[in-house]
Structures are given as C-alpha cells and as structure tokens.
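# Survey of secondary and tertiary structure
These are the residues of each chain, in order.
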Amino acid sequence: MDIKKLTTGLSVSPQIVASDLQSLKDAGFRAIICNRPDGEGADQPTFDEIAAAAKKVGLETTYIPIVAGKVTDEDADAFNIALTELPGPVLAYCRTGTRSATLWSLGQAGNRSLADILAVTKAAGYDMAGVVRRIVNGGKTPTDTGDASYEVVIVGGGAGGIAAAASLKSRMPDLEIAILDPADVHYYQPGWTMVGGGIFEPEQTSRTMGSLIPKGVHWIKSAVAAFEPANNAVILDGCRVVKYKRLIVCPGIKLDWNKIEGLVETLGHNGVTSNYRYDLAPYTWELVAGLKQGRAIFTQPPMPIKCAGAPQKAMYLSGDAWFRRGVLKDIDIQFNNAGGVLFGVKDYVPALMDYVEKYDVSLNFFHKLVAVDGPAKKAWFDVAKPDMPVECVEMEFDMMHVCPPQTAPDFIRVSPLADAAGWIDVDQATLRHKTYENVWSLGDVMNAPNAKTAAAARIQAPIVAENMIADMQGKSPVAQYNGYGSCPLTVERGKIVLAEFGYGGTLLPSFPKAIIDGTKATRAAWFLKEKILPPIYWKGMLKGREWMAKPEKVTVK
Ligand SMILES: Cc1cc2nc3c(=O)[nH]c(=O)nc-3n(C[C@H](O)[C@H](O)[C@H](O)COP(=O)(O)OP(=O)(O)OC[C@H]3O[C@@H](n4cnc5c(N)ncnc54)[C@H](O)[C@@H]3O)c2cc1C
C-alpha cells in the first residue's frame, strides 16, 4: 500500500484490497472513504467487499464514487462533510489517490491558501494543476470566462518588473504589456540600509506604483495566485484569468519572518529591528542613536538572501555611529552568521576585516537565529559547525538587527515554473525558462546563481527585453547575462567597499581601479551609492534608459 499523508486527519492511497484492512487498522486509521466507482477495473474489489472487511476489523466506511476527471463541486462538499462526520484519521482511496487528493484540495479551498494546498499535495506526489482555478475560486467552478489577454504579461512591478517593461517599451513602443502587482507602493530597497544608518529619509525610498508604470503599460492591481503555463495563463486572486503570448516572472523573494519563533511579536519593539522592512529601518537608526552600552547582535540567515551584504552593512554603519559618538568601547558587537564566511567573494574580505577589527566585532559563524524573546531580550541560535552536533546557544542583547530567512514566494514554489528548490528555472545566460519557451524571469525569484540585487536586475532587464523581442522576430537569443551583481558595503559613513562580481565570483568592476578600487573602502564608491545610484534607479533603470546596463551580445563562434 502506497499511503500518502495529507494531514493528521487524512491520508490517501491507490486502490486497496480486503486483506489490507487489518494493517490499516493497526496503522491507526479509523475510517475509509472509497472514491472509486465499482467496476472501473478488472482487478478491482467492489466497495461492498472492502466495507465488509472493514467492518470485521472495526473500521467505518463511506462510498463517494467519482468518475475519473469529473469531480463536481457537490462531490467536494460531500467529501468535506464525510471528513467531519467520520472518526479520524481517515484513509481515502481511488485508483491512484488523485481523485481523493482532488476532493480534499477543493474542500480545503476556503480554509487554506492555494500555495499550502498545492505544497501538501505536491509533497504527496499529486499534481493539482487541473483544479487550480477552482481552488483559487474557493473550491467552486468559475463561471466568469471574460479572460483578459496581452502580448506580454509581467508578474511583479518591483525593480525587475518595471525595468523590464520600460526596456521593452523603449524598443517596441506599441507592444501591449500588462504588469500584475497588488502593491500601491514601489520601494527602492537598496536605500533602506541608508535609512537604517540615519542617512536617507524613508520617503526617499518609495514612490507610488502608479507613478512608475511606464506610459502605455496596463497595470492590473491584483496578486497572481497561480500559473497555467500550458494554457499561457496566470490566475489572479479571486480567480480572474489573464492570458499572454509571452510571460515575464519577477515577484521577488519571500521574507520568512515567521520561521523564527517569537520574532513577529517583537519586531519593532524591545530593541529588535530590521532594515529588511521599510517601516522598521527608521527604528534601526533610533536604536543605534540611543544605545550607549550593552550588546548589539546582527544576524544573517542561510543563503540565498537578497543583498547578501545588507546584514553586515547595518552592522558597520552602527559601529561607525558608535565610534563617532565615543561609545564603541562600551558596546559589544556580535555578528551571528548562519554561513561560514564573512563575504562570498574572497577579494573583498580583507577590506571588510579591517572594519571588523576597527569595531571589535565578534564573528560567530554557523550561528543561525531560531528564536527570540523580545521582552526578556534573549535570542537563541542553532550552532551547526561542520562535523559537530548542532547545539543551541542563548545570547542576551540590548539591540538586535535581524535579517530574515528567505525563500521563493509560496505561489512560485508550488508552480510548474519552479525548480526543485522552488525558484523559477531559467537558463542562466538567456534568462529564458528551461521548459516553457515563452516565459522569462529576472530579479530575486529566479535560479541563476548570481547575487540577488537590484543592480543585477538592472543588467537583466535589457537582456530579457532583447531576447524576448528576438524571439518575437523568430530569432535566437541575442543577449547573455554574465551574472553581474553588486553589493556596496557601507563600512563607514562616507566610505564603501564596492563589491561587483559575476558568476563564479569573477570580479566585474564598472570603473577603472584609479576611480574606484572595489576591494578597498573608498569615498568615490560612497558618493556613487548616496548620490548617483538612486537617480540611476529612478530615472534610468525604471525608465528604460539602461545607464550602466548595456546588454552583452551573444558571442558567435
Ligand atoms: C535592506 C536591503 C538592502 C539592499 N541593498 C541593495 C543594494 O545596496 N544594492 C542592490 O543592488 N540591491 C540591494 N537590495 C536588493 C534589491 O532591493 C532586490 O534584489 C531587488 O529589489 C529585486 O528586484 P525584484 O524585482 O526581483 O523584486 P522586488 O523589487 O522585491 O519586487 C517584487 C514585486 O513583486 C510584487 N509581487 C509579490 N508577489 C506578487 C504576486 N503574487 N503577484 C503579483 N506581484 C507580486 C511585489 O508587490 C513587488 O512589487 C537590498 C534589499 C534590501 C531589503
């Protein structure tokens, strides 16, 4: 018997036989639902035989037969009612278990998120792609067939989405494009480090979404719930369907605050902050400005995260503020990093180590934040050093800057577009989907092994635009991505170590060494970050001007 557990109350399986009932009873099941109509297969026991054998061992049974491929809304209701009435745990079966899993999925539609339902069924080996629209529609068959349709649909209007739309429009002004994004506000997240360092005001990092959508591009202010790439369709929350000829997927990364016990309750209070949220970055500066003595912990979760340098940028700017105020000697700075190195590209580490020493930072590698008690000012870390058993250590703090664990967004992770780890599965040179040829992706959500940064999206957007337009013209991809990403490490107010690198850690400096030597802390790089990069973002990248972003052409050998 191939039994797959969906919940503590329900498992599903392929066809069972009468002799299985005793072992099912021994396994703890208390009731059986049969979803397979009698007489479907030559080797299939009837429901009555199963029911009689079940009765002998003290198991209850119910018969809700479903013709393959024809699960009605009423069937799902009947299944739901049976689950509440029967003693649990229940085993439901049909020929393969798919009909039972489908009934459960539709029955759960109002209670659980689509992503959760798809994740549970996927883990059990069942593909619910065929009923996604109905799940999004609360378990009911949608009646609205007025699907919108566009030449190009872009999922996500963040750094990557707006830039890609702008780059497409600058090449083909008449192209019909729709951006799907539920957010009212677009954020320049690279500015949040500066807000947390008391340099930028939060308002400098936000604009209304409406003001940034390129002229002539439609904005559908809705969240995407699911993808049907085989039908060239995306399904919005509420079950509206938008069809496309070509699709660009860029909804960013999920910040998984809930993964750390106690964190959500205390964020923004009790000295616990994060530059990873617009509303919390000012609290970082408030804490730094107020701290005179005690311990400050800065945490970094396992990779991948967006802007891998941001956790330590917050630390250096805090250390610098305490140094300038003359209180640094009374503040114990701890950098608790789930990883085993200070920065992934070794060329930048010596310059960073100078500041680790200057601020007398204790580097605690392999320390992963797992829980926090804000009022008690205590945090717990799993310490997983190589070849050592994991131990949990407790640390007290006066302030703690948390970088949250990060994953692919739930609706991406469970979609047909994702790789095994949950990221959009693209060719790392062309940024085209590996399976669906009319799908491209950029930004934090896709699986190319570059540093997830807005600087990377700046380079990727024109590449996606070039390659998509080449495809429209029946040509092969013409532009290729070298993995460029950039991380301006704000080591002190007025100086930055400007890490710029591509695939495999290859250094890709934008300027000659005489102007900016990225491996050293320089004033020129600070000037770039403070004064030049914001207009490059707002006025260049988001407007299709492609400053510092000319696409690299495919080399023909
Ligand atoms: C503290 C911090 C510091 C950083 N520092 C730097 C830096 O110095 N340099 C740098 O280059 N980068 C930096 N970054 C990283 C940079 O901001 C991101 O890499 C970049 O924004 C990624 O662009 P994106 O388009 O993939 O995602 P985002 O810009 O995050 O946009 C995603 C968009 O998708 C939308 N969306 C989400 N779900 C859905 C859905 N279901 N349906 C439709 N739309 C959806 C969202 O509303 C959002 O508008 C930093 C980030 C942070 C948080």
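Look up: the structure comes first, before these words.
A brief look at the structure comes next. (Residues numbered from 1 in each chain as written. Predicted model: local features only at pLDDT ≥ 70, side-chain atom pairs only at ≥ 80, totals over all residues. Heavy atoms only, no water.)

Turning to the overall build of the chain, a few remarks are in order. Looking only at helices and strands, the chain features 16 helices and 29 strands. Relative to a compact globule of 557 residues, whose C-alpha radius of gyration would be 24 Å, the chain shows 27 Å and is just as compact. Its C-alpha atoms give the chain principal-axis dimensions of roughly 85 × 60 × 45 Å. The buried share of the chain, reckoned over its 557 residues, is 55%. Taking as baseline every contact in the chain between residues at least 6 positions apart, the subset at least 24 positions apart corresponds to 68%. (Helix = DSSP H or I, 4+ residues; strand = E, 2+ residues; numbered from the N terminus. Rg over C-alpha atoms; globule rule 2.2 N^0.38 Å. Buried < 20%, exposed > 50% of the residue type's maximum accessible area, 1.4 Å probe, protein only. Contact = heavy atoms within 4.5 Å.)

This paragraph deals with the site of the ligand. Within the structure, the ligand sits among 35 residues, and G160, D181, K313, D444 and A455 are positioned closest to it. Side-chain polar atom of D181 to an oxygen atom of the ligand: 2.6 Å apart, as the coordinates give it. Its free accessible area being 1,000 Å², the ligand has 90% of it covered by the protein chains. Going through the elements one at a time, helix 7 (159-171), helix 8 (192-196), helix 12 (310-325), helix 15 (454-472) and strand 26 (485-492) are the ones with two or more residues in the shell around the ligand. When the residues that make up the shell around the ligand are grouped by side-chain class, the tally is 18 nonpolar, 11 polar and six charged. (Near = heavy atom within 4 Å. Polar contact = N/O pair within 3.5 Å; in protein donor to acceptor, adjacent residues only side chain to side chain. Areas by Shrake-Rupley, 256 points an atom, 1.4 Å probe, with all protein chains shown as cover. Nonpolar A, V, L, I, M, F, W, Y, C, P; charged D, E, K, R; others polar.)

Counting buried residues along strand 11 (residues 224-228), five of its five residues qualify, which places the element largely inside the surrounding structure. Bridge count between strand 11 and strand 12 (residues 233-236): four bridges; the pairing is antiparallel. When the bridges of strand 12 are listed, V224 appears paired with L236. What sits between the antiparallel neighbours strand 11 and strand 12 is a turn of four residues, in which N232 has the positive phi angle 55°. (Pairing = 2+ DSSP bridges.)

What follows covers the pairing of strand 12. Neither face of strand 12 is exposed, since A233 and I235 on one face and V234 and L236 on the opposite face are all buried. In sequence, strand 12 turns back onto strand 13 (residues 241-249) through a hairpin of four residues, with G238 there showing a positive phi of about 90°.

Strand order in the open sheet made by the three strands is 19-20-21, with antiparallel pairing throughout. Strands with a single pairing partner mark the edges of an open sheet, and in this sheet they are strand 19 (367-373) and strand 21 (391-396). Geometrically, the sheet is characterised by an average inter-axis angle of 30° between neighbouring strands, direction not taken into account. One ladder, built from six bridges, connects strand 20 (residues 378-383) with strand 21; its direction is antiparallel. Counted as the bridge partner of V383 is E391 from strand 21. (Axes fitted to C-alpha atoms, helices over the stretch in contact; angles between N-to-C directions.)

Glancing now at the packing of helix 4 (residues 98-108) against helix 5 (residues 114-123). It is the contact of helix 4 with helix 5, at a shortest axis distance of 10 Å, that shows an interaxial angle of 165°. With respect to helix 5, the axis of helix 4 lies roughly antiparallel. Between helix 4 and helix 5 lies a crossing whose hand is right-handed. For the pair formed by helix 4 and helix 5, the contact residues are A101, W104, S105 and Q108 on the first element and I117, V120 and T121 on the second. Of the residues assigned to the contact of helix 4 with helix 5, the class counts are four nonpolar, three polar and no charged. (Parallel < 35°, antiparallel > 145°, perpendicular 65-115°, else oblique. Left-handed = near helix turned anticlockwise from the far one by under 90°.)

In this section: helix 2 (residues 47-57). For helix 2, every residue scored as buried is listed here: F47, I50, A51, A53, A54 and V57. When helix 2 is viewed along its axis, its buried side chains cluster within an angular range of 165° and face the same direction. Residues D48, K55 and K56 are exposed on helix 2 and point more than 90 degrees away from its buried face. Residues of helix 2 that are buried in the fold lie against helix 1 (21-26), strand 3 (31-34), strand 4 (60-63) and strand 5 (90-93). (Arc of directions from axis to C-beta.)

What follows covers the environment of L498. As for its placement among the helices and strands, L498 is situated in strand 27 (residues 495-501). Residue L498 is classed as buried on the basis of its relative accessible area of 3%. Sequence separation between L498 and E552 is 54 residues; the distance between their C-alpha atoms is 22 Å. For L498, the residues in contact, after removing those within four places along its chain, are Y348, S486, C487, P488, I516, G518, A525 and L528.

Judged by pairing direction, the sheet is parallel, and its five strands sit side by side in the order 15-22-16-17-18 without closing on themselves. Each end of this open sheet is capped by a strand with a single partner; those strands are strand 15 (272-273) and strand 18 (362-365). Here strand 16 (residues 294-300) runs beside strand 17 (residues 331-337); their pairing, made up of seven bridges, is parallel. Directly across from A296, in strand 17, lies its bridge partner I333.

Let us now look at helix 5. All buried positions along helix 5 are accounted for by L114, A115, I117, L118, V120 and T121. Where helix 5 is buried, its residues contact helix 4, helix 6 (132-136), strand 11 and helix 14 (410-413). Backbone geometry just after helix 5 places G125 at a positive phi near 95°.

Honestly, it's all geometry; don't read function into it.
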